[in-house]
Amino acid sequence: MPKYILKRILILIPTIIGVSFVVFSLLYLSPGDAALASAGPNAPKETVEILRNKMGLNDPFLIQYGRFLKNLIFHFDLGTSYQSKTPVIEKILRVFPNTLKLAGVSLIFAIISGIILGIIAGINKNNIIDSIISFAGMIGLAMPIFWSGLLLIIIFSSKLKLLPASGFSSWRHMILPVLALGLQTSSSIMRMTRSSMIEVLDKDYIRTARAKGLKKSRIIFIHALKNAMIPIITTIGLQAGGLLGGSILTETVFSISGIGRLMVDSVKTRDYPVILGGVMFIALVYSIISIIVDILYGFLNPQIKME
């Protein structure tokens, strides 16, 4: 088991380097002039050129990338914002709590609703209850986050006047963003829980438990759900990382000050260090979540324990 954990942690290094290379390359090849955006559209060419040299934009690609990678690995320095002239990591950490709260509450909502609905659908296989829940799950998976967010705003904010359409300062402000972000994740967890429960409930030891006269609730929650949790936890881990990416759209739709909105605003001003830093920060958090899930999977799976 220790070797398994160490192996998963070591995989983090090439993953982060690979992500940094791809994102840095895309930003390097993207159209537009960051120096011109920083100096202003009416700035003299001489001023823009001086600024380009100062920002290191005239250096070859490998030198620019090597400088960024060196600062990232040895100093965890994501660079300095072209616009605000402040360290990127400070800008990210300032808004990260809102992104973390949005993703965390959305994940809790998705886990609770997804597992409960999945259990209900699994124990009522192929009847009307299962059909309704499965159909709702397909709709939840099919709806893009930005579309479901706008739909929730139209219904509950514009039409019914029940909930605020923007902000994140109170529990009432959190309801619509959490629903919009957690809906797809809840649907994925529900489908996996349903499939896993149906498979487990057909095992011989479940039939034996029923023959012994054990309560239905004990059979479902103690015997069946415990053994069905391995694929469910894997799904939760993958979806938890995906929530960080989905927060970009959610924060934009609901005007929430988080990493997602920070990156979108930075795209408009061509503040490439903030964009790159935001992507790298999300990739790092996603990778850490994946490692935690792999470790939990190892504790639940006896085969990995033996390795």
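Because the structure is a prediction, the values reported are computed rather than measured.

1. So, the packing of aromatic side chains
Thinking step 1. Using the criterion set out here, one finds eight aromatic pairs in the structure.
Thinking step 2. Note on Phe61 and Tyr65: the rings are 6.2 Å apart at their centroids and 5° apart in plane angle, and the pair reads as stacked. With Phe61 and Tyr65 both in helix α5 (residues 61-75), this residue pair falls four residues apart, about one helical turn. Take Phe61 and Tyr65: they sit in the same class, and that class is buried.
Thinking step 3. Grouped by ring-pair contacts, the aromatic residues Phe21, Phe24, Tyr28, Phe61, Tyr65 and Phe68 constitute a single cluster.

2. Observations regarding the pattern of salt bridges
Thinking step 1. Tallied over the full model, the rule gives four salt bridges.
Thinking step 2. With a shortest N-O distance of 3.0 Å, Arg67 and Asp59 are connected by a salt bridge.
Thinking step 3. Arg67 sits in the partly exposed class, given a relative accessible area of 36%.
Thinking step 4. Between Asp202 and Arg207 there is a salt bridge, with its nearest N and O atoms 3.1 Å apart.
Thinking step 5. When its relative accessible area of 40% is taken as the criterion, Arg207 is described as partly exposed.
Thinking step 6. Here the salt bridges do not stand alone but share partners, grouping Asp202, Asp204 and Arg207 into one network.

3. Focus on unusual backbone geometry
Thinking step 1. Here Lys85, not a glycine, exhibits a phi torsion of approximately 60°, which is positive.
Thinking step 2. For Ser255, which is not glycine, the phi dihedral falls at a positive 55°.
Thinking step 3. Residue placement: Ser255 occurs in the loop between α11 (216-253) and α12 (259-269).

4. A short note on the layout of surface pockets
To find leftover empty space, one rolls a probe the size of a water molecule over the atoms.
Thinking step 1. Put simply, the largest pocket is a space of about 760 Å³.
Thinking step 2. Considering the residues around the largest pocket, the lining is formed by 27 residues, among which Met55, Leu57, Gln64, Tyr82 and Pro273 are closest to the centre.
Thinking step 3. Broken down by secondary-structure element, the contributors of at least two residues to the lining of the largest pocket are α2 (12-29), α4 (45-55), α5 and α13 (272-300).
Thinking step 4. A per-class count over the lining of the largest pocket returns 13 nonpolar, eight polar and six charged.

5. Notes on the side chain of Ser81
Thinking step 1. Turning to its location among the elements, Ser81 is positioned in the loop between α5 and α6 (88-123).
Thinking step 2. When its relative accessible area of 2% is taken as the criterion, Ser81 is described as buried.
Thinking step 3. Look past the residues within four positions of Ser81 in its chain and what remains in contact with it is Thr86, Val88, Lys91, Asp271 and Val274.

6. Focus: the domain arrangement of the protein
How large an interface is tends to be reported as the accessible area lost when its parts come together.
Thinking step 1. Each assigned domain of the protein is listed with its residue range as follows: domain 1 (1-75) and domain 2 (96-300).
Thinking step 2. Counting residues at the interface gives 21 residues for domain 1, matched by 15 residues for domain 2.
Thinking step 3. At the junction of domain 1 with domain 2, the criterion picks out zero residue pairs in polar contact (both at pLDDT 80 or more).
Thinking step 4. Taken together, the elements giving at least two residues each to the side of domain 1 that touches domain 2 come down to α1 (2-10), α2, α3 (34-39) and α5.
Thinking step 5. Top element by residues in the side of domain 1 that touches domain 2 is α2. It accounts for eight residues.
Thinking step 6. Here the residues of the side of domain 1 that touches domain 2 sort into 15 nonpolar, four polar and two charged.

Procedures and definitions
- Each chain carries its own residue numbering, running from 1 in the direction its sequence is written.
- Reporting of local features is limited, given that this is a predicted model, to residues whose pLDDT is at least 70; pairs of side-chain atoms are given and counted only at 80 or more, and all residues count toward the totals for whole chains, interfaces and linings.
- For the side-chain quantities, the full set of heavy atoms in the structure was used; hydrogens and water were omitted.
- Pairing of aromatic rings covers Phe, Tyr and Trp, the last through its six-membered ring, and needs centres within 6.5 Å; plane angles under 30 degrees mean stacked, over 60 mean edge-to-face, and all others mean tilted.
- Strands are runs of DSSP state E lasting at least 2 residues, helices are runs of H or I lasting at least 4, and numbering of each runs from the N terminus.
- For every residue, the accessible area (1.4 Å probe, protein chains only) is compared with the maximum for its type, and the residue is labelled buried under 20%, exposed over 50%, or partly exposed between those bounds.
- We count a salt bridge whenever a side-chain nitrogen from Lys or Arg sits within 4 Å of a carboxyl oxygen from Asp or Glu.
- In this analysis a 1.4 Å probe is tested at points of a 1 Å grid over the protein atoms alone, and where it fits but cannot get out there is a cavity; an open set with protein on both sides within 12 Å along at least five of seven lines is a pocket; lining residues have an atom within 4 Å of a point.
- Grid points are joined across faces, edges and corners, and a volume is the space filled by probe spheres set on the points.
- Any residue that is not Ala, Val, Leu, Ile, Met, Phe, Trp, Tyr, Cys, Pro, Asp, Glu, Lys or Arg is counted as polar, Gly included; the first ten are nonpolar and the last four charged.
- In what follows, a contact means two residues having at least one pair of non-hydrogen atoms within 4.5 Å.
- These domain limits were set by an automatic method or by a database of domain assignments.
- Polar contact criterion, stated in full: a pair of N or O atoms within 3.5 Å, where within protein one must be able to donate a hydrogen and the other to accept it, and residues adjacent in sequence count only if both atoms are side-chain atoms.

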